[in-house]
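The primary structure of each chain is shown beneath.
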Amino acid sequence: MTEAAVPTTTALLPGVQALLFDVFGTVVDWRSTVVTELIRRGRDKRNSPAFDSLAPSLQSRLAELTDADWATFAQQWRTSYGKFTRGFVPGETAWKDIDTHHYDSLLELLGHWGLAGVFSDEEARSLSLIWHYLRPWDDTVQGLSMLGTRYTTSTLSNGNQQLLRDLNEHGKLGFHRLISSADFKAYKPNPKTYLGAVDALGRQPGECAMVAAHLGDLKAARSCGLKTVYVERPREEDWASQPDLIEEARSWVDVWVAADQAGFVEVARRLGISG
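Residues numbered from 1 in each chain as written. Predicted model: local features only at pLDDT ≥ 70, side-chain atom pairs only at ≥ 80, totals over all residues. Heavy atoms only, no water.

### Describing the packing of helix α3 (residues 67-87) against helix α4 (residues 98-112)
Angle between the axes and distance between the axes are the two parameters that describe a pair of packed helices. The condition is simple: Working convention: axes come from line fits to C-alpha atoms, limited for helices to the stretch in contact. Angles between N-to-C directions cover 0 to 180 degrees. Helix and strand definitions here come from DSSP, where helices need a minimum of 4 consecutive H or I residues and strands a minimum of 2 consecutive E residues; each element is numbered from the N-terminal end. Oblique is the label for every angle not falling under 35 degrees (roughly parallel), over 145 degrees (roughly antiparallel), or within 65 to 115 degrees (roughly perpendicular). Put simply, a crossing is left-handed when the front helix is turned counterclockwise from the back one by less than a right angle, and right-handed when it is turned clockwise. Note on contacts: a residue pair is in contact if any heavy atoms of the two residues lie within 4.5 Å. Any residue that is not Ala, Val, Leu, Ile, Met, Phe, Trp, Tyr, Cys, Pro, Asp, Glu, Lys or Arg is counted as polar, Gly included; the first ten are nonpolar and the last four charged.
Packing of α3 against α4 leaves a shortest axis separation of 10 Å and a crossing angle of 130°. Considering the angle they form, α3 stands oblique to α4. You can see that α3 and α4 cross each other, and the crossing is right-handed. On α4, the residues that touch Phe73, Gln76, Trp77, Ser80, Tyr81, Phe84 and Thr85 of α3 are Ile98, His101, His102, Ser105, Leu106, Leu109, Leu110 and His112. Here the contact of α3 with α4 is composed, by residue class, of 8 nonpolar, 7 polar and no charged.

### Details of the environment of isoleucine 179
As a reminder of what qualifies: Categorising residues by exposure relies on relative accessible area from a 1.4 Å probe, with only protein chains included: less than 20% of the type maximum marks a residue as buried, more than 50% marks it as exposed, and the intermediate range marks it as partly exposed.
Turning to its location among the elements, isoleucine 179 is positioned in strand β5 (residues 177-180). Residue isoleucine 179 is classed as buried on the basis of its relative accessible area, which comes to 2%. Sequence spacing of isoleucine 179 and alanine 221 is 42 residues, and the spatial spacing of their C-alpha atoms is 15 Å. Among all residues touching isoleucine 179, those that are not within four sequence positions of it are Ser154, Thr155, Leu156, Ser157, Gln161, Leu164, Phe184, Ala197, Ala200 and Leu201.

### Notes on the sheet that holds β5
The condition that has to hold: Strand pairing is assigned whenever DSSP detects at least two bridges linking the two strands.
The strand order β5-β4-β1-β6-β7-β8 describes an open sheet built from 6 strands, whose pairing is parallel. The sheet is open, and its two edges are formed by β5 and β8 (255-257), each paired on a single side. Between one strand axis and the next, the sheet turns by 20° as a mean value, whatever way the strands run. Summarising the sheet, strand β4 (residues 152-157) and β5 pair through 4 bridges and their orientation is parallel. Bridge pairing links leucine 156 to isoleucine 179 in β5.

### A look at the nonpolar core
Side chains of nonpolar character tend, in soluble globular proteins, to be buried together. To keep it simple, the criterion reads: The nonpolar core is taken to be a set of buried Ala, Val, Leu, Ile, Met, Phe, Trp, Tyr and Cys residues, with the residues joined through side-chain atoms within 4.5 Å.
Of all hydrophobic cores here, the largest spans 62 residues; its most connected members are Leu19, Phe21, Val34, Phe73, Trp77, Trp131 and Leu147. For this core, the leading source of residues is α3, giving 6 residues. The residues contacting leucine 19, other than those within four sequence positions of it, are Leu13, Leu147, Tyr151, Thr152, Thr153, Ser154, Ala209 and Val211. Within the second largest apolar cluster, 25 residues are counted, among which are Ile179, Ala197, Cys208 and Trp239.

### Some words on the side chain of threonine 153
Here threonine 153 shows up in strand β4. The exposure class assigned to threonine 153 is buried, which follows from its relative accessible area of 1%. The contacts of threonine 153, once residues within four sequence positions are left out, are Leu19, Phe21, Leu144, Leu147, Gly148, Gly174, Phe175, His176 and Arg177.

### Observations regarding the side chain of histidine 101
Here histidine 101 lies in helix α4. Residue contacts for histidine 101: discarding those within four places in its chain leaves Ser80, Tyr81, Phe84 and Lys96.

### So, the packing of aromatic side chains
Note the following rule: Only the six-membered ring of Trp is used, alongside the rings of Phe and Tyr, when aromatic pairs are assigned; centres must lie within 6.5 Å, and planes under 30 degrees apart are stacked while those over 60 apart are edge-to-face, with the rest tilted. Definition used: whenever NZ (Lys) or CZ (Arg) falls within 6 Å of the ring centre and also within 35 degrees of the ring normal, the charge is taken to sit over that ring.
Here the structure, examined in full by the defined rule, presents 15 aromatic pairs. Ring geometry for phenylalanine 24 and tryptophan 131: centres 5.9 Å apart, planes at 90°, overall edge-to-face. Residue phenylalanine 24 is found in the loop between β1 (18-21) and β2 (28-29), and its partner tryptophan 131 is found in the loop between α5 (121-128) and β3 (135-136); the two are separated by 107 residues along the sequence. Among the aromatic residues, those joined into a cluster by ring pairs are Phe24, Trp30, Trp70, Phe73, Trp77, Tyr81, Trp113 and Trp131. Sitting above the plane of the tyrosine 103 ring, arginine 125 keeps its charged end 3.9 Å from the centroid.

By themselves, these observations are geometric and do not establish any function.
In structure tokens, the structure reads:
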């Protein structure tokens, strides 16, 4: 679709009064923040007096890790989150919030990478909370502000409430509401999360749209009656290896913003909101 042919009216989301936003990857750039922090923590440990007290095997293992290794570590950490939330069965799986998962999975990964014992428990707990301080995408704050002039803006994230509060404050995101899947003791893509959020806002499903950088999230929201807004973000699409699914999604996504466009600012423009 050419730029001139892109619709720019509220007819794209008829009847919608509230926008629900996925957070990790959609609102914030988790990758750059987490990778940078892992690299920094590893460097600081190597340069600290505590480094000399580590076992020689840990010293050599830590010293040999490259920035690319830490990027792989970060991706594995993120992947463990996805497996955990998708595998969670309400009423069957023991409840665990995302902060606890991030800490547990960090310890597991450190062991897998031969780094168990490099960080003290206090250091590991501190590192696990980096997910509370992720950097927003460049268009996020402006776009949310623009969209907030017409719609109720709310998170709908698997992150727990304290995590969302910290992200909202740290990034100056300005959400009107903070809704967590944990409020419903479930995780996306369970229908309880989408319908619970709609109910919490006092709306009907057709009066809400899910905004996400993940088509699987949008497909689940659509199955619950919500409208859909897809905002492409670099390396975020889980269906990237399944082009047939992506192509099919173009027939049902209500608003599709490409990666080379201005993210949330472009969403606002498509909906006739100028900033």
